[in-house]
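Reading the structure
So you can see what is in the structure, the chains are spelled out below.
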Amino acid sequence: MAVSSPEISSILTPHPRLTDSHGRIIHDLRVSITDRCNYKCVYCRTGEMGAQYPELGIDEYLRLIKLFVSLGISKVRLTGGEPLLRRGLVDLVRQLSALPTLTGGPLDLALTTNGHLLDELAAPLKAAGLNRVTVSMDAVDAPTFERITHVPGSFQTVLAGIRAARAAGLTPLKINCVLLRGFNDSQIEGFARFAREENVVVRFIEFMPLEEGRLWTPEIVVPLAEIVARIGRLLPLVKLPPREASETAQRYTFKDGVGEIGIIAPVSQAFCGACSRVRLTSDGKIRTCLFSQVEHDLYGRLRSGETNAELRTYILRTVQEKEARHHMGEPGFLKPSRSMVHIGG
Ligand code: SF4
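The numbers attached to residues start from 1 for each chain and follow its sequence in the written order. Reporting in this predicted model follows two pLDDT cut-offs: at least 70 for local features of residues, and 80 or more for side-chain atom pairs to be given and counted; totals over whole chains, interfaces and linings ignore these cut-offs and use all residues. As a rule here, side-chain values cover all heavy atoms of the structure and leave hydrogens and water aside.

1. Examining the sheet that holds strand β5 (residues 174–179)
In this analysis, strands are considered paired if DSSP registers two or more bridges between them. Segments assigned H or I by DSSP are reported as helices when at least four residues long, segments assigned E as strands when at least two residues long, and all are numbered from the N terminus. Taking strand neighbours across the sheet as the criterion, the 12 strands line up as β7-β8-β9-β6-β5-β4-β3-β2-β1-β10-β11-β12 in an open arrangement whose pairing is mixed. Edge positions in the sheet fall to β7 (237–240) and β12 (296–297), since each of these pairs with one other strand and no more. As paired elements, strand β2 (residues 75–79) and strand β3 (residues 108–113) share 4 bridges and run parallel to each other. Within the sheet, the bridge partner assigned to L78 lies in β3 and is L111. For this analysis, residues touch if any pair of their heavy atoms sits within 4.5 Å. Every axis in this analysis is a line fitted to C-alpha atoms, fitted for helices over the stretch in contact. Angles between the N-to-C directions lie between 0 and 180 degrees. This element, helix α2 (residues 58–69), spans β1 (28–32), β2, β10 (277–280) and β11 (285–287) of the sheet and lies at about 165° to β1.

Set out below in structure tokens:
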């Protein structure tokens, strides 16, 4: 494979940075530390698959993440499956929070969880150095919530987890709600009130074809424009500017300034042009895009004894090949080689 000049210069510069062939700087790494989950949400685990992939040791994740940080990653999000199920998580957070980035500042350390174990783990995670959490929550009433998660009693448990995280200072606290027409689109107005009452940032996510089964159709997607129109009828919305170009959510506040809403619209208003993300799966594979058809076995190279310098070169070359964008809804679109629970949010 011919080595391009930007690639040579990027590898040869003292601190090569992760960039792709589309000129995007990659500074955001999402790491799945397990594909096990204690929930069975209708839009994700629609099959009987259960956990499919092996997990690495906590020290192995640490070694791999350090390599990415040495190449310019400044934001790490821990995901799953359900990351709070992983033993050693608090220790991993402690070690990651002590890692300096290339600019010398601390890592921006975040975590996405279903919140079921958050009540007991929020304070220890905060004390270990976690900055903030995002809780996946798809309804604001118990019957709808538990119909989605298939876990009786889970609604109050997650609510307690959210309040514990806020009390621990894991803020800004974000709530991610995946909207499916006919499942929970009835929750839109309730979530707008919830954002104001609970002082959390509620983000609606357009449903993507990443589920285990075959549930996704274009008709089941509730697009950004419809969400904005419905909430706007309840309370006038004001658009907020993005904090950074690669921000995935379009942000809004209410006219009276109380509460914030975000909408992540990969289907109706894709944001791939400024994408700054790559992923590491629970079994140590690099996925350069959520919708990648191919994966890159970084862990296999580590196990085969490659040096850190060789692993860094492999990461740099792999990220150079990052896909330009997704092709959802286009002829010939292929679902990714793994479903969301096995990729990580
Ligand atoms: S679909 Fe791929 S390229 Fe687009 S924003 Fe997501 S990860 Fe980035």
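2. Describing the pairing of β5
Each residue is placed in one exposure class: buried if its accessible area under a 1.4 Å probe, protein chains only, is under 20% of its type's maximum, exposed if it is over 50%, and partly exposed if it falls in between. By the criterion of burial, β5 is predominantly enclosed, with 6 of the 6 residues buried. Here β5 shows no split at all, with K174, N176 and V178 on one side and I175, C177 and L179 on the other all buried. One ladder, built from 3 bridges, connects strand β4 (residues 132–136) with β5; its direction is parallel. The residue of β5 that forms the bridge with T134 is K174. Across 6 bridges, β5 lies against strand β6 (residues 201–206) in parallel orientation. Bridging across to β6, K174 finds its partner in V201. On the question of chirality, the crossover connecting β5 to the parallel β6 by way of helix α7 (residues 188–198) is right-handed. Crossover handedness is defined here as right-handed if the route from the first strand over the helix to the second strand goes clockwise, with the strands pointing away from the viewer.

3. Describing helix α5 (residues 142–149)
Here α5 has its buried residues at T144, F145, I148 and T149. On an axial view of α5, the arc spanned by its buried residues comes to 125°, and they lie on one face. Among the exposed residues of α5, those oriented more than 90 degrees off its buried face are P143 and R147. On its buried face, α5 sits against α6 (154–168). Looking one or two residues beyond α5, the residue adopting positive phi is H150, at roughly 60°. The arc in question is traced by the directions running from the helix axis to the C-beta atoms.

4. Looking at the nonpolar core
It is characteristic of soluble globular proteins that their nonpolar side chains tend to be buried jointly. To form a nonpolar core, buried Ala, Val, Leu, Ile, Met, Phe, Trp, Tyr and Cys residues must be joined to one another through side-chain atoms within 4.5 Å. The biggest cluster of nonpolar side chains holds 102 residues, and the ones touching the most others in it are F68, L78, I175 and F204. Top contributing element to this core by residue count: α2, with 8 residues.

5. Some words on the packing of aromatic side chains
In this scheme Phe, Tyr and Trp rings, the latter by its six-membered ring, pair at centre separations within 6.5 Å, and the angle between planes marks the pair as stacked below 30 degrees, edge-to-face above 60, and tilted otherwise. Applying the stated rule across the entire model yields 5 aromatic pairs. Aromatic side chains Y43 and F207 sit 6.4 Å apart centroid to centroid with 75° between the ring planes, which places their arrangement in the edge-to-face category. Here the residue Y43 occupies a position in the loop between β1 and α2, and F207 occupies one in the loop between β6 and α8 (224–234), the gap between them amounting to 164 residues. Here the two residues Y43 and F207 agree in accessibility, since each one is buried. Ring geometry for F191 and F194: centres 6.1 Å apart, planes at 85°, overall edge-to-face. Linking F191 with F194, this pair stays in helix α7, spanning 3 residues, or about one helical turn. In this pair, the class of F191 matches that of F194, namely buried. Taken together through their ring pairs, the aromatic side chains of F191, F194 and F204 make up a single cluster. Placement of a charge over a ring requires the Lys NZ or Arg CZ to be within 6 Å of the ring centre, with the centre-to-atom vector within 35 degrees of the ring normal. The ring centre of F254 lies 4.9 Å from the NZ or CZ of R196, which sits over that ring. The ring centre of Y53 lies 3.7 Å from the NZ or CZ of R338, which sits over that ring.

6. Some thoughts on the pattern of salt bridges
Criterion for a salt bridge: a side-chain nitrogen of Lys or Arg within 4 Å of a carboxyl oxygen of Asp or Glu. What the rule picks out here adds up to 22 salt bridges. For E189, the salt bridge identified is with R230, shortest N-O distance 3.0 Å. Of this pair, E189 sits in helix α7 while R230 sits in helix α8, placing them 41 residues apart in sequence. With a relative accessible area of 16%, R230 lands in the buried category. Here R196 and D256 are joined by a salt bridge, their closest N and O atoms 2.7 Å apart. Pair noted here: R196 is in helix α7 and D256 is in the loop between β8 (249–254) and β9 (260–264), with a separation of 60 residues, a long-range link. According to the relative accessible area criterion, D256 is partly exposed, its value standing at 46%. Here the residues in one salt-bridge network are D283, K285, R287, E295 and R338, joined through shared partners.

In short, the description is geometric, and any link to function would need to be established separately.
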